[in-house]
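Each chain, written out:
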Amino acid sequence: MKKLLTLLLLFNLSTAFGKWTTIRNGILWTDTDGNTVQAHAPGFVYLDGRWYMVGEDRANAFHPDVNLYSSPDLVNWKFERKIIQNGVTTPRLGRSRMIERAKLLYNEATQKFVVWCHYESGNYAASEAACFESDSIAGTYRLIWSGRPMGIKSRDCNVFQDTDGTTYFVSTTEENQHLGLFLLSEDYHETVAHTQLLPYQRREAPVIVHVGERYFMFSSACTGWAPNQCKVCHSNSLTQGWSPLENIGDETAFRTQAAAILTIRGTKQTTYLYVGDRWMDPTLPESKIIIFPITFQDDQCQFHYCEQFDIDFRTGRWRITK
Ligand code: DGJ
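Residues numbered from 1 in each chain as written. Predicted model: local features only at pLDDT ≥ 70, side-chain atom pairs only at ≥ 80, totals over all residues. Heavy atoms only, no water.

The next point concerns the overall build of the protein. Across its full length, the protein holds one helix and 23 strands. The C-alpha atoms of the protein give a radius of gyration of 20 Å, which matches the 20 Å a tight globule of 322 residues would have. Counting only C-alpha atoms, the protein reaches 75 × 45 × 45 Å along its principal axes. Looking at the 322 residues of the protein, the share that counts as buried comes to 53%. Taken together, the 32 basic and 35 acidic charged side chains of the protein have centroids lying 6 Å from each other. (Helix = DSSP H or I, 4+ residues; strand = E, 2+ residues; numbered from the N terminus. Rg over C-alpha atoms; globule rule 2.2 N^0.38 Å. Buried < 20%, exposed > 50% of the residue type's maximum accessible area, 1.4 Å probe, protein only. Lys, Arg positive; Asp, Glu negative; His and termini not counted. Charge placed at Lys NZ, Arg CZ, Asp CG, Glu CD.)

Rendered as structure tokens:
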């Protein structure tokens, strides 16, 4: 009887207080096989209760492959497979390309998985992107296309899937001068419309998130692997009306460069998590992935950088613990 009461009490406590997952920053992630996680500049898709993460495998630092991992909680990562093997998935283009900022999309209409990435040559002169597709998330990805989107030189990149399903490729264009917002075709294979954003602002590592009525865009200056001030701007429309850039966080974005913002729709609140790369920590393969909560209020937002925080993925609640 006593045992039963204790069990009931524990059950009630866990339902009342939820299940906390602790996320620690600054440590090298290892996967469930004990190997170092290699998924730099990551992109994410949430599917059937799991986070899928693609990113640069920089074990062979300068000519990355692309790895896929999955996790129920952003902490315990299972290595799924290497989805792009530099020069093997793309024999026509050889092994000398730099595959950077791979981002994953699920296309509900075609039920395919699509990866867009920066597909660069040694001196960053190619300024190209590439698109890959697979029938299943951990299946075989084949090259669909590579080149300059709509003929425009394109480097650092990201993807953005809006709440209405409209999907974009976003990249730093024309020798790092502007950002380009490229509407993707329904199958996500092609860029079909281009809007120039932030002309001559020289921003890279763009990340867009849709919060209520507004879009927020985060970006960094172009300083190679060295971190710099993250800036944010906002607009009610993706194609026009972006506010002037404003500083956010400290002067080095807490030694990170933005890669993604994750939206956790919990039963009690929606929580946004900033995901960034702490490059060269101290080497390129040992660069860390850093995660922390970010809050939005009207047209303002705030980074809540911390060494450690707990999150309850069911309720969406979080608390800083270090
Ligand atoms: C900064 C970019 O954001 C990275 O993706 C990478 O291209 C480095 N520059 C290379 O210096």
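Next up on the list: the sheet that holds strand 10 (residues 154-161). One open sheet accounts for four strands, arranged 10-11-12-13; its pairing is antiparallel. The open sheet is flanked by strand 10 and strand 13 (191-197), the only strands paired with a single partner. Across the sheet, the axes of successive neighbouring strands diverge by a mean angle of 25°, strand direction being ignored. (Pairing = 2+ DSSP bridges. Axes fitted to C-alpha atoms, helices over the stretch in contact; angles between N-to-C directions.)

Here we come to the pairing of strand 21 (residues 300-303). Alternating residues of strand 21 divide into Cys-301 and Phe-303, all buried, and Gln-300 and Gln-302, none buried. Here four bridges tie strand 20 (residues 288-297) to strand 21, and the two strands are oriented antiparallel to one another. The partner of Phe-296 across the bridge, within strand 21, is Cys-301. Connecting strand 20 to the antiparallel partner strand 21 that follows it, the hairpin turn spans two residues, and Asp-298 within it adopts a positive phi of roughly 50°.

Let's shift gears to the site of the ligand. Surrounding the ligand, one finds Glu-100, Arg-101, Tyr-124, Asp-156, Glu-204, Gly-224, Trp-225 and Gln-257. Between the ligand and Arg-101, the relevant distance is 2.9 Å, taken from an oxygen atom to a side-chain nitrogen or oxygen of the residue. Note that an oxygen atom of the ligand is positioned 2.5 Å from one of the side-chain N or O atoms of Asp-156. Bound to the protein, the ligand loses 90% of the 290 Å² it would expose on its own. (Near = heavy atom within 4 Å. Polar contact = N/O pair within 3.5 Å; in protein donor to acceptor, adjacent residues only side chain to side chain. Areas by Shrake-Rupley, 256 points an atom, 1.4 Å probe, with all protein chains shown as cover.)

Here we take up the confidence of the model for the protein. Of the residues in the protein, 94% have a pLDDT of 70 or more, and the chain-wide mean is 94. Low pLDDT, under 50, characterises residues 4-16; the stretch is placed with two contacts to residues that sit more than four places away or in other chains. (pLDDT = per-residue confidence, 0-100. Contact = heavy atoms within 4.5 Å.)

Turning our attention to the sheet that holds strand 5 (residues 78-84). An order of 2-3-4-5 is seen for the four strands of this open sheet, with the pairing classed as antiparallel. A single partner strand is all that each edge strand has here, and the edge strands are strand 2 (40-47) and strand 5. Between one strand axis and the next, the sheet turns through 25° on average, direction left out of account. Here strand 4 (residues 65-71) pairs with strand 5 via five bridges, running antiparallel. Looking at the pairing, Leu-68 lines up with Arg-81 of strand 5.

Now for the packing of aromatic side chains. Scanning the entire structure with this criterion turns up 20 aromatic pairs. Between the aromatic rings of Trp-29 and Trp-77, the centroid separation amounts to 5.8 Å while the plane-to-plane angle is 15°, which identifies the pairing as stacked. Of this pair, Trp-29 sits in the loop between strand 1 (21-24) and strand 2 while Trp-77 sits in the loop between strand 4 and strand 5, and the two are 48 residues apart along the sequence. In terms of burial, Trp-29 and Trp-77 fall into one category: buried. Between the aromatic rings of Trp-116 and Phe-169, the centroid separation amounts to 4.8 Å while the plane-to-plane angle is 40°, which identifies the pairing as tilted. With Trp-116 in strand 7 (residues 112-120) and Phe-169 in strand 11 (residues 167-173), this residue pair connects regions lying 53 residues apart in the sequence. Connected via pairs of aromatic rings, a cluster forms that spans Phe-216, Phe-218, Phe-254, Tyr-272, Tyr-274, Phe-292, Phe-296, Phe-303 and Tyr-305. The ring of Trp-20 carries Arg-319 above its face, with NZ or CZ at 4.0 Å from the centroid. (Phe/Tyr/Trp six-rings, centres within 6.5 Å; stacked < 30°, edge-to-face > 60°. Lys NZ or Arg CZ within 6 Å of the ring centre and 35° of its normal.)

With an omega of 0°, the peptide bond between Asp-281 and Pro-282 qualifies as cis. Among the structural elements, Pro-282 can be located in the loop between strand 19 (270-278) and strand 20. For Ala-253, which is not a glycine, the phi torsion comes out positive at approximately 50°. Within the secondary structure, Ala-253 sits in the loop between strand 17 (246-248) and strand 18 (257-265). The buried category is assigned to Ala-253, whose relative accessible area is 1%.

What follows is about the side chain of Thr-90. Looking at the secondary structure, you find Thr-90 in the loop between strand 5 and strand 6 (98-107). Among the polar contacts made by the side chain of Thr-90, one reaches the side chain of Tyr-119 at a distance of 2.7 Å. Setting aside residues no more than four positions away along its own chain, Thr-90 makes contact with Gln-85, Tyr-119, Phe-132 and Leu-143.

Under the counting rule described, the total for this entry stands at 14 salt bridges. The salt bridge partner of Arg-155 is Glu-175, with a shortest N-O separation of 2.8 Å. With Arg-155 in strand 10 and Glu-175 in the loop between strand 11 and strand 12 (178-184), the pair connects residues that are 20 residues apart, well separated along the chain. One salt bridge in this structure joins Arg-319 and Asp-310, with 2.8 Å as the shortest N-O distance. Judged by its relative accessible area of 37%, Arg-319 is partly exposed. (Salt bridge = Lys/Arg side-chain N within 4 Å of Asp/Glu carboxyl O.)

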